[in-house]
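Inside the fold
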Amino acid sequence: MSSTVKTKERNVVGSSPSRGFRSWALIAGAALGLATLSAKWSTQPSTDYAVCSMNDSIYTVDTANPTVQCIVVHDTRIADVGQLADVKARWRQQTSRPMVGFQLPWPLDFWQPSLKVSFVDPSSVVIPGLADAHAHVLLYGSVKMNVDLAGCTSKQEALERLVSYVKSHPAILNDPSRWIRGMGWDQTLWKTPEYPHADDFDTEPFLRGRRIHLSRVDGHAAWVSNRALQLMGHLPKSVDGGEIIRDSSGKPTGILVDNAMSLVPLPPPSKEEISQYFDRAMKDALAVGLTSIHDADTEHYGIEFYKEYAASKKFPLRMYLMGHVESNEYWGDRLPRLVNYGVGERLNFRGVKLYADGALGSFGAALLEPYSDNPSTNGLMLTQPAVLADLVKRFHTDGWQVNIHCIGDRGNHIVLDIFEDVFSGSNITEFRPRIEHAQIMTLDDLERVGRLGMIPSVQPTHATSDMWYAEQRLGPDRIKGAYAYRTMIETSRTGVLPLGSDFPIESINPLLGFYAAVTRLSVSGQSPHGVQGWYPDERLTRFQALKGMTLDAAYASFSESILGSLTVGKQADFVVLDRDIMTIPASEIPDTKVMATVIGGEVAYGSL
């Protein structure tokens, strides 16, 4: 036994003093090297980090882990979720093995870098990045940088805002040939809810004789000046899918509805203007927690701008485009198809936008029966059914996702007939056709849209904006199938209901849509039916609303495998809010502030 021990000692120490010294020098050198490496790591920390909530107030929209204490971000993805102690232990294991291949004993395990952990405030929560499933990015920027008439309670107030704008813009003030553009007027908010007139502009010296084009709040009617009417030249007696409003003598009043708006010779925006509009929209979107936007009517100039932008630099947030060309001829072969395109792979373009009818506020929504408050009209089909059916078939055959604007019960009924015919026998989850707005349906069609697996893409703030006049327009029976969001979820075979805002028609703030969805109240807490909300049975739960703004929106854009929930492997898109929108009194939701917007692991707004 003693000889064995001596042999081991010799094998360890060696018979030569110089050899033993060299062995210990190697060990000391290795330790010193590891210490140096550790010091280097301490000054150059890992890019991995964790965001945690001591209250477990991270809402994942993942049914397997609905709320967690922490999420770990590695590069652009969610690497882990769970309790802090657990994720740190798993992270420690994962970072040690690839580097060394075995676990070093103490004291040589000090080299491992620590996981950077940020704790949100106790009152704050973390939610997945918010998506707007229906918006108009460049139009929003245009409105914000031109004349915004949202909220005007009278025609005179609208004119005053217009005069103020002209006075404050010398380039326009000194050049009568410049077009003045704006959006947001809504005659239903005025004491006398009647359409304005071109002559109204001439009552103001600063507006007289100028080229003025003001879109109604819904974008489906325009109020233009007499000078604009002159530039339009000879006007047709009628316009298919549109209307030129005339007075009793047959003279145009300056109000153009739907397809008649295309008669105005507006110049397209310049590249510089497009860039300015985009930058303004991105800035405002990030500030309210948006990480993804579905652009629901991207024209040629917009597609070209987005493609060129994405090729050279990373988009501020993720964009999903629905292309649109004003033509009854098939145009899908004229557009580029883009999947995870550009720097950071943030641009996608695989859907198209078609129009069935107009809007309720301008009497353009196509109804099966006349308007209750205007029996002279049933509304307008902007695209005739036969043309629409042919276009849907062509786009479907060519592999495009088809998204159709439908407001009235007739428009929705026609589109459902077309979808049922075209997609019969198809795997509907492969193509995911969408009905944009899906505002008014018969009760039978409400059931049918769910049974067929079509995706109704809705905007909750439309309900709370329209609730003051919608029943007057539709009557007590048709209103039962209008803005029926809870019914849509309950009758859907997929349970998918993507939510959007339609900004700039409504506010860009998605939390106002969340509030409208769960309360059916105005921001002031009012409704035609009192404090319980307008048709309160159609309120969504808070989870349904959050899912609609995250995972359902991702599904509607074919991206649910990488977006929409805080799940391991998905993109690290998330938002930190200053309060818990899932538990606070509903009246406090509109006051919620975004503390940080994170996209692909990078802070795009605020701070962690």
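Here's a quick rundown of the structure. (Residues numbered from 1 in each chain as written. Predicted model: local features only at pLDDT ≥ 70, side-chain atom pairs only at ≥ 80, totals over all residues. Heavy atoms only, no water.)

For a regular strand, side-chain orientation follows a simple rule: the groups alternate between the two sheet faces. Bridge analysis of strand E17 (residues 338–341) against strand E18 (residues 347–355) gives 2 bridges, and the strand direction is antiparallel. The partner of Tyr341 across the bridge, within E18, is Leu347. What sits between E17 and E18 in their antiparallel hairpin is a turn of 5 residues, with Gly342 showing a positive phi close to 85°. (Pairing = 2+ DSSP bridges. Helix = DSSP H or I, 4+ residues; strand = E, 2+ residues; numbered from the N terminus.)

Taken as a whole and assessed by the stated rule, the structure comprises 21 aromatic pairs. Ring-pair connections join several aromatic residues into one group, and the members of that group are Trp185, Trp190, Tyr195, Phe201 and Trp223. It is Arg432 that lies over the ring of Tyr555; its NZ or CZ is 3.9 Å from the centre. (Phe/Tyr/Trp six-rings, centres within 6.5 Å; stacked < 30°, edge-to-face > 60°. Lys NZ or Arg CZ within 6 Å of the ring centre and 35° of its normal.)

Our focus in this paragraph is the sheet that holds strand E1 (residues 49–52). Taken in spatial order, the 4 strands of this open sheet run E5-E4-E1-E6, and their pairing is mixed. Strand pairing shows two members of the sheet lacking a second neighbour, strand E5 (77–82) and strand E6 (116–119), which therefore form its edges. The mean angle between the axes of side-by-side strands here comes to 25°, regardless of whether they run parallel or antiparallel. With 4 bridges joining them, E1 and strand E4 (residues 70–74) adopt antiparallel strand pairing. Considered in E4, the bridge of Ala50 is made with Val72. (Axes fitted to C-alpha atoms, helices over the stretch in contact; angles between N-to-C directions.)

Once that is clear, we can look at the layout of surface pockets. Size it by volume and the second largest pocket reaches roughly 420 Å³. Every residue lining the second largest pocket is counted, 24 residues in all, and those nearest its centre are Arg318, Asn340, Glu345, Asn348 and Ile562. For the lining of the second largest pocket, the secondary structure elements donating two or more residues are strand E16 (318–323), E17 and E18. Taken together, the residues of the lining of the second largest pocket sort by class into 7 nonpolar, 10 polar and 7 charged. (1 Å grid on protein atoms, 1.4 Å probe; cavity = no way out; pocket = protein on both sides within 12 Å on 5 of 7 lines; lining within 4 Å. Points joined across faces, edges and corners; volume = space filled by probe spheres on them. Nonpolar A, V, L, I, M, F, W, Y, C, P; charged D, E, K, R; others polar.)

Here the focus is the pattern of salt bridges. Two side chains with opposite charge may pair up if their charged atoms get near one another. As enumerated under the stated definition, the model contains 20 salt bridges in all. Between Asp186 and Arg216 there is a salt bridge, and its shortest N-O distance comes to 2.9 Å. Of this pair, Asp186 sits in the loop between strand E10 (179–185) and strand E11 (211–216) while Arg216 sits in strand E11, and the two are 30 residues apart along the sequence. With respect to class, Asp186 is no different from Arg216; both count as buried. The partner of Arg337 in a salt bridge is Asp398, and the shortest N-O contact between them spans 4.0 Å. Of this pair, Arg337 sits in the loop between E16 and E17 while Asp398 sits in the loop between helix H10 (385–397) and strand E19 (401–406), and the two are 61 residues apart along the sequence. On the accessibility criterion, Arg337 (39% relative accessible area) is partly exposed. Via salt bridges that share partners, Asp417, Glu420, Asp445 and Arg448 belong to a single interconnected network. (Salt bridge = Lys/Arg side-chain N within 4 Å of Asp/Glu carboxyl O. Buried < 20%, exposed > 50% of the residue type's maximum accessible area, 1.4 Å probe, protein only.)

This structure, assessed with the given rule, holds 2 cavities of 30 Å³ or more. By volume, the largest cavity amounts to about 140 Å³. Broken down by secondary-structure element, the contributors of at least two residues to the lining of the largest cavity are strand E15 (290–298) and helix H19 (551–556). Per-element tally for the lining of the largest cavity: the top contributor is E15, with 3 residues. Of the residues assigned to the lining of the largest cavity, the class counts are 7 nonpolar, 10 polar and 2 charged. Computed from the structure, the second largest cavity encloses a volume of approximately 60 Å³. Surrounding the second largest cavity, Ala131, Asp132, Thr461, Leu499, Gly500, Ser501, Ser507, Asn509, Pro510, Leu512, Gly513 and Met549 form its lining. Among the secondary structure elements, those contributing two or more residues to the lining of the second largest cavity are strand E8 (130–135) and helix H17 (510–519). It is H17 that contributes the most residues to the lining of the second largest cavity, 3 residues altogether. Among the residues forming the lining of the second largest cavity, the class breakdown is 5 nonpolar, 6 polar and 1 charged.

Axis separation between helix H8 (residues 271–287) and helix H9 (residues 300–312) bottoms out at 11 Å; the angle between their running directions is 70°. Our classification of the angle between H8 and H9 gives roughly perpendicular. Taking contact as the criterion, the partners of Ile274, Ser275 and Phe278 in H8 are, on H9, Tyr301, Phe305, Tyr306 and Tyr309. Among the residues making up the contact of H8 with H9, the classes are represented as 6 nonpolar, 1 polar and no charged. (Parallel < 35°, antiparallel > 145°, perpendicular 65-115°, else oblique. Contact = heavy atoms within 4.5 Å.)

Next up on the list: unusual backbone geometry. Of note, the amide linkage connecting Phe503 to Pro504 takes the cis form, showing an omega dihedral of 10°. When you line up the elements, Pro504 lands in the loop between helix H16 (485–491) and H17. Not every positive phi belongs to a glycine, and Asn340 is a case in point at roughly 50°. The topology assignment puts Asn340 in strand E17. Overall, Asn340 belongs to the partly exposed group, its relative accessible area being 35%. The residue Tyr483 is not glycine, and still its phi comes out positive at about 50°. The buried category is assigned to Tyr483, whose relative accessible area is 0%.

What follows is about the environment of Gln156. Mapped onto the elements, Gln156 comes out in helix H5 (residues 155–167). In the structure, Gln156 is positioned 34 residues away from Trp190 in sequence and 9.7 Å away in space, judged by C-alpha atoms.

Attention now moves to the sheet that holds E11. The sheet built from 6 strands is open, its strands ordered E9-E10-E11-E12-E14-E13 with mixed pairing. Since the sheet does not close on itself, it has two edges, and those belong to strand E9 (147–148) and strand E13 (242–246), each with one partner.

Note that every value here comes from positions in space, so none of it alone points to a role or purpose.
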